[in-house]
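For reference, the chains in residue letters:
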Amino acid sequence: MFSVLARSDRNEKDFLGDPIIYRTRDSWGEILVIDRKMKRVLAFDPIYEQSCLNLNEPHIPAHEYTRIMLLVLAFVHPKHVTLLGLGGGCLLHSLHYLMPQCTISAIELRKKVHEVALNFFLMPTHPNIHIVISDAQKALVQFDAQSTQIIFADMYQAHGMNPFQIQKKFILQCARILDDNGWLVVNYHQLPEHNSRFIQCLQRYFSELFATLSYSGNYILFARKKQGSPLSKYQTNVLDLENQLNIKLLMLFKRITRVYSNPY
């Protein structure tokens, strides 16, 4: 366990007037921890939230786009999932709560972000939770083929999305390590054009693509390796997730639309 981190000046506040309780820096820039009533925020600048944790119910994702990403659990019951980008560990919280026996491998570029998640965001520790401090582009090469069932990609810095998330080598590595029933779930600020080379590459390695727009303007892309049942067949599973988390998910699920389906 890391030693307790030093607190920020108690009078330091963000642009909303909320207290910045911790501030640090590494070679990629600043890392801020901000308290907003009963929510704790990870940020890389005083304006935009990278992660948001409900301190009373840390297993319930505060951001709508994170709730949308969790909907993939209606389609598959994984034994192993991979997170690209840890942030404050909010998605990891939910996954471990819903599937305590599932092995979770999280790749995080910044060691200090992992330290902050442990010290300020109640991040769970467990023998089946593995954190790798590395560039995802390098780390994925080390994963065995067909070794995971879901990949969640949410790699952002203060300046925007990690460009690796929209490159051909990203698709190739994800397709390689996902098993035949696997799903890729990616958070994008803007969905790639339908006729872009990126989408065309996805279509070569994944049988079906789905997407939905979150309230914050983020697009969540779901890519399924093997064709399955129509989305309407999974509504009962969504209701089960609603009951486990005690939040509304069915309306989010109904906003998911098909982008592509392999005709063969």
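Scroll up a little and you will see the structure.
These lines cover the structure that appears in this document, whether it is placed above or below. The model shown is predicted, which means the values in this text are computed figures rather than measured ones.

Cut-off values and rules
Residues numbered from 1 in each chain as written. Predicted model: local features only at pLDDT ≥ 70, side-chain atom pairs only at ≥ 80, totals over all residues. Heavy atoms only, no water. Salt bridge = Lys/Arg side-chain N within 4 Å of Asp/Glu carboxyl O. Helix = DSSP H or I, 4+ residues; strand = E, 2+ residues; numbered from the N terminus. Pairing = 2+ DSSP bridges. Axes fitted to C-alpha atoms, helices over the stretch in contact; angles between N-to-C directions. Contact = heavy atoms within 4.5 Å. Buried < 20%, exposed > 50% of the residue type's maximum accessible area, 1.4 Å probe, protein only. Phe/Tyr/Trp six-rings, centres within 6.5 Å; stacked < 30°, edge-to-face > 60°. Lys NZ or Arg CZ within 6 Å of the ring centre and 35° of its normal. Parallel < 35°, antiparallel > 145°, perpendicular 65-115°, else oblique. Left-handed = near helix turned anticlockwise from the far one by under 90°. Nonpolar A, V, L, I, M, F, W, Y, C, P; charged D, E, K, R; others polar.

### Some words on the pattern of salt bridges
Stage number 1. Applying the stated criterion across every chain yields a total of 8 salt bridges.
Stage number 2. The residue R224 makes a salt bridge to E208 at a minimum N-O spacing of 2.6 Å. On the criterion of sequence distance, the pair formed by R224 in strand β13 (residues 219-224) and E208 in strand β12 (residues 208-213) is long-range, its members being 16 residues apart.
Stage number 3. One network of salt bridges, in which partners are shared, links D18, R36 and E49.

### Things to note about the sheet that holds β13
Stage number 1. Strand order in the open sheet made by the 8 strands is β7-β6-β5-β8-β11-β13-β12-β14, with mixed pairing throughout. Across the chains shown, the open sheet's two edge strands, defined by having one partner strand only, are β7 (129-133) and β14 (257-261). When strand polarity is set aside, the average angle formed by the axes of neighbouring strands in this sheet is 15°.
Stage number 2. As judged from the 5 bridges shared by strand β6 (residues 103-108) and β7, these two strands associate in the parallel manner. By the bridge assignment, A106 is partnered in β7 with I131.
Stage number 3. Here helix α6 (residues 197-205) sits on the sheet in contact with β11 (178-188), β12, β13 and β14, set at roughly 135° to β12.

### Topic: helix α2 (residues 90-98)
Stage number 1. Judged by how many residues are buried, α2 sits mostly within the fold: 8 of 9 residues are covered.
Stage number 2. Regarding α2, the residues found buried are C90, L91, L92, H93, S94, L95, H96 and L98.

### A word on the sheet that holds strand β3 (residues 39-43)
Stage number 1. Taken in spatial order, the 4 strands line up as β1-β2-β3-β4 in an open sheet, and their pairing is antiparallel. Edge positions in the sheet fall to β1 (20-26) and β4 (49-54), since each has one partner strand and no second. With direction set aside, neighbouring strand axes in the sheet form an average angle of 15°.
Stage number 2. Sheet analysis places strand β2 (residues 29-36) next to β3, joined by 5 bridges and oriented antiparallel. Among the inter-strand pairings, I34 is bridged to a residue of β3, identified as V41.

### Concerning the packing of aromatic side chains
The geometry of an aromatic ring pair is captured by two quantities: the separation of the ring centres and the angle between the planes.
Stage number 1. Scanning the entire structure with this criterion turns up 7 aromatic pairs.
Stage number 2. Look at F164 and F170: their rings are 5.4 Å apart centre to centre, the planes differ by 80°, and that puts the pair in the edge-to-face class.
Stage number 3. Classification of F170 by relative accessible area gives buried; the value is 0%.
Stage number 4. Geometrically, the ring pair formed by W183 and F210 is stacked, given 6.1 Å between the ring centres and 25° between the ring planes. With a gap of 27 residues between them, W183 in strand β11 and F210 in strand β12 connect regions that are remote in the sequence. Considered together, W183 and F210 belong to a single accessibility category, that of buried residues.
Stage number 5. The rings of F75, W183, F210, Y234 and F253 are connected pair by pair, giving a single aromatic cluster.
Stage number 6. Taking NZ or CZ as reference, R110 lies 4.5 Å from the ring centre of F44, over its face.

### Focus: the packing of helix α5 (residues 168-177) against α6
Stage number 1. Relative to each other, α5 and α6 sit at 15°, their axes nearing to 10 Å. Regarding the angle of α5 to α6, the classification is roughly parallel. Note on packing geometry: the crossing formed by α5 with α6 is right-handed. For the pair formed by α5 and α6, the contact residues are K168, F170, I171, L172 and A175 on the first element and F198, C201, L202, R204 and Y205 on the second.
Stage number 2. Of the residues assigned to the contact of α5 with α6, the class counts are 8 nonpolar, no polar and 2 charged.

Note that every value here comes from positions in space, so none of it alone points to a role or purpose.
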